Amino acid sequence: MTHDWAALDRDLSRLLPSDALVRKRQELLAYDCDGLTIDRHQPPLAVLPRTTDQVAATLRCCREHGVPFVARGSGTGLSGGAVTEQEALLVVTSRMRQILALDLPNQTITVQPGVINSWVTRAVAGEGFYYAPDPSSQVVCSIGGNVAENSGGVHCLKYGVTSNHVLGMEVVLPDGSVTHLGADLVECPELDLRGAFIGSEGTLGIATAITLRLLRAPERVSVLLADFPTMEAAGEAVRLVTAAGVLPAGMEIMDNFMINAVNDLFGHDEYPRDAAAVLLVELDGQAAEVAVSADRAAQLCCDAGARGVRRADEAADRALLWKGRKSAFAAVGQISSTYYVQDGVVPRSSLPQVLSAIEDLSRDHGLPVANVFHAGDGNLHPLILYSRDEPGVDARVKELGAAILRECLAVGGSITGEHGVGADKRCYLDWMFSPDDLATMRQLRLAFDPEGLANPGKIFPTPTSCAEASRKVVTLPADSSVVAF
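All of the points below concern the structure found in this document. (Residues numbered from 1 in each chain as written. Predicted model: local features only at pLDDT ≥ 70, side-chain atom pairs only at ≥ 80, totals over all residues. Heavy atoms only, no water.)

1. Topic: the overall build of the protein chain
Each helix and strand in the protein chain was counted, giving 16 helices and 18 strands. The C-alpha radius of gyration computed for the protein chain amounts to 23 Å, which stays within 12% of the reference 23 Å derived for 485 residues, consistent with globular compactness. Across its three principal axes, the protein chain shows a C-alpha extent of roughly 65 × 55 × 45 Å. Within the protein chain, the fraction of its 485 residues that count as buried is 56%. Once local pairs closer than 6 in sequence are excluded, the contacts in the protein chain between residues at least 24 apart make up 71%. Counting only carbon and sulfur atoms, one obtains 51% of the accessible surface of the protein chain, whose full area is about 19900 Å². (Helix = DSSP H or I, 4+ residues; strand = E, 2+ residues; numbered from the N terminus. Rg over C-alpha atoms; globule rule 2.2 N^0.38 Å. Buried < 20%, exposed > 50% of the residue type's maximum accessible area, 1.4 Å probe, protein only. Contact = heavy atoms within 4.5 Å. Areas by Shrake-Rupley, 256 points an atom, 1.4 Å probe, with all protein chains shown as cover.)

What follows is the structure in structure tokens.
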């Protein structure tokens, strides 16, 4: 469908400040992809609002012109969800960076969607509080994007993902109307539309004010680094620790490929180069509890076959142990300028089996794979390395990614844990869900967006986007009517 972009531009110019519109082709190149760089689509026009009123005016204008829109935060997502794959207006919330309210007695903070994740903790750390969800990109990713993807992070094992820490939101619906979902209370007696919106990947509207739950900083934190001769031994350590009733704040594993990549990045051997895997275990809470739990976890790692266990109790020492994990993607970037990250989830007990399968698949497809993952909740992040200059490599990379997800599903896992479905995994959604499940999800989406303007083409498989899924695409009955909430 062709849209009158000149008319839309003209009307938006009347509604927004002159510096809020991005029109020049060379400037729009900055938005042609998100963190998933394998597919690129330059938007025809972008806007950068600063307020809820400006977002609402923009979406009303889009509706009047019948133009779809795509919301974008910092652009760090890894599923192609913030890209204008179809012709659509890009609504960039990166200028919406105000802290709107701070209520420390009730441990809440309300922010605009462009506020960076790590800024929330920085704003309250002096008072002894912090914000728990911590994606690896937390120094650059935005709260609005975290809400859209229901992001997790290292500490989601103990503290949960974004949805566990969002109390309420001000939301601009696709027709330009403004509503509130949830409340500033932990419990709210209503349909959980807040929960439905979180993780909807921009398909239900745009959150413009988000109330977050803050936590008290723990009295004591301790980090263990255990190295293992085999990946199976590292997986066994994870099983033993969790089976013993010890609940770490986070458990992360890096394989040998990643260990050496990180050491090369640092210029010294922070982690043992000959280890098949290293396991990071962070424990937090009351001092006495942490002391006992750290000793117990260290012993269980040794029982599983750890060759050695380092322990860090001081902040600087803990940061040093975590530095490699936080730098993992950057380290791979030093080896290969292009890589593709998957995001499958498996039961903890299946980690060794699936990691062995990934190794076989890597060899079969002729593409190296580095593994770093949230071991505590079985959320894998295999990084497939490739050269963009190699003919036909994009198809091979995607085939390998799909094969890895099939292995995850075969053991009862999921196609995504925290990166979302977006454009990248929509062709696999019907591997997980029945036609009735997909129809129900589509009905919910239509209730918020009956005209299909919000992030069109994302999440659900369609004949135009998925050759395989086109044989199984779900079509709602012609008489299905949905009343907007």
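Don't stop here, the text continues.
2. Notes on the sheet that holds strand β3 (residues 69-72)
Taken in spatial order, the 4 strands of this open sheet run β1-β2-β4-β3, and their pairing is mixed. Either end of the sheet is taken by a strand with one partner, and the two such strands are β1 (21-22) and β3. In this sheet, strand β4 (residues 89-92) lies alongside β3 in parallel orientation, the contact comprising 4 bridges. Along β4, the bridge assignment pairs Phe69 with Leu89. Along the sheet face, helix α3 (residues 52-65) touches β2 (46-47), β3 and β4 and points at about 170° away from the line of β4. (Pairing = 2+ DSSP bridges. Axes fitted to C-alpha atoms, helices over the stretch in contact; angles between N-to-C directions.)

3. So, the side chain of Asp424
You can see Asp424 is positioned in the loop between α14 (393-410) and α15 (429-432). Filtering out sequence-adjacent residues up to four positions away, Asp424 remains in contact with Leu36, Leu78, Ser79, Tyr340 and Gln342.

4. Thoughts on the nonpolar core
Within the largest apolar cluster, 49 residues are counted, with the highest numbers of intra-cluster contacts made by Phe228, Ile253, Leu279 and Leu380. With residues up to four places along the chain from it excluded, the contact list for Ile253 reads Met231, Ala234, Gly235, Val238, Ala277, Val278, Leu279, Asn371, Val372, Phe373 and Ala375. By size, the runner-up hydrophobic cluster in this structure holds 24 residues, among which are Met254, Leu321, Ala328 and Ala370. (Core = buried A, V, L, I, M, F, W, Y, C linked by side-chain atoms within 4.5 Å.)

5. Looking at the environment of Val171
Within the secondary structure, Val171 sits in strand β8 (residues 166-172). Owing to a relative accessible area of 0%, Val171 belongs among the buried residues under this scheme.

6. Description of the packing of helix α9 (residues 256-266) against helix α12 (residues 328-335)
Here α9 crosses α12 at 80°, and the two axes come no closer than 8 Å. In terms of axis orientation, α9 runs roughly perpendicular to α12. Together, Phe257, Met258, Ala261, Val262 and Leu265 of α9 and Ala328, Ala330, Ala331, Val332, Gln334 and Ile335 of α12 make up the contact between the two elements. When grouped by side-chain class, the residues that make up the contact of α9 with α12 number 10 nonpolar, 1 polar and no charged. (Parallel < 35°, antiparallel > 145°, perpendicular 65-115°, else oblique. Nonpolar A, V, L, I, M, F, W, Y, C, P; charged D, E, K, R; others polar.)

7. Topic: the sheet that holds strand β13 (residues 250-255)
With respect to topology, 7 strands assemble into an open sheet ordered β15-β12-β14-β13-β17-β18-β16, the strand pairing being antiparallel. Each of the sheet's edge strands pairs with one partner strand only, and the pair in question is β15 (308-312) and β16 (338-341). Averaged over all adjacent pairs, the angle separating strand axes in this sheet is 15°, with direction ignored. Relative to strand β14 (residues 277-285), β13 runs antiparallel, the two being bridged by 6 bridges. Bridging from a neighbouring strand, Met254 pairs with Val278 of β14. In the packing of helix α10 (residues 287-304) onto the sheet, contacts are made with β12 (220-228), β14 and β15, and the angle to β12 comes to roughly 5°.

8. A closer look at the pairing of strand β10 (residues 206-213)
Where burial is concerned, most of β10 is hidden: 7 out of the 8 residues are buried. With 4 bridges connecting them, strand β6 (residues 108-111) and β10 associate as antiparallel partners. Each bridged residue has a counterpart across the sheet, and for Thr110 the counterpart in β10 is Thr211. Pairing of β8 with β10, which is carried by 6 bridges, proceeds in the antiparallel orientation.

9. Here we look at the layout of surface pockets
Computed from the structure, the largest pocket encloses a volume of approximately 880 Å³. Lining the largest pocket are 48 residues, with Thr76, Gly77, Cys141, Asn146 and Glu149 positioned closest to its centre. The class makeup of the residues in the lining of the largest pocket is 15 nonpolar, 26 polar and 7 charged. Its boundaries defined by the atoms lining it, the second largest pocket holds a volume of some 730 Å³. If you go around the second largest pocket, you meet 26 residues; those closest to its centre are Tyr130, His155, Val221, Glu282 and Arg318. Only α4 (117-124), β7 (129-130), β12, β14 and α11 (315-326) provide two or more residues apiece to the lining of the second largest pocket. No other element matches α11, which puts 5 residues into the lining of the second largest pocket. Along the lines of polarity and charge, the residues of the lining of the second largest pocket split into 13 nonpolar, 5 polar and 8 charged. (1 Å grid on protein atoms, 1.4 Å probe; cavity = no way out; pocket = protein on both sides within 12 Å on 5 of 7 lines; lining within 4 Å. Points joined across faces, edges and corners; volume = space filled by probe spheres on them.)

10. Notes on the pattern of salt bridges
All chains considered together, the criterion is met by 21 salt bridges. Notably, a salt bridge pairs Glu85 with Arg426, separated by 2.6 Å at the nearest N-O pair. Here Glu85, found in the loop between β3 and β4, pairs with Arg426, found in the loop between α14 and α15; they are 341 residues apart in sequence, far enough to count as distant. The class of Arg426 is buried, set by a relative accessible area of 6%. Each member of the salt-bridge network shares a partner with another, and the members are Asp227, Asp274 and Arg307. (Salt bridge = Lys/Arg side-chain N within 4 Å of Asp/Glu carboxyl O.)

11. Notes on the packing of helix α8 (residues 231-243) against α10
Between α8 and α10, the shortest axis-to-axis distance is 8 Å and the interhelical angle comes to 140°. Taken as axis vectors, α8 and α10 run oblique relative to one another. For α8 against α10, the interelement crossing comes out right-handed. Taken together, the residues of α10 that come into contact with α8 (itself represented by Ala233, Glu236, Ala237, Leu240 and Val241) are Ala297, Leu300, Cys301, Asp303 and Ala304. Its residues assigned to classes, the contact of α8 with α10 shows 8 nonpolar, no polar and 2 charged. (Left-handed = near helix turned anticlockwise from the far one by under 90°.)

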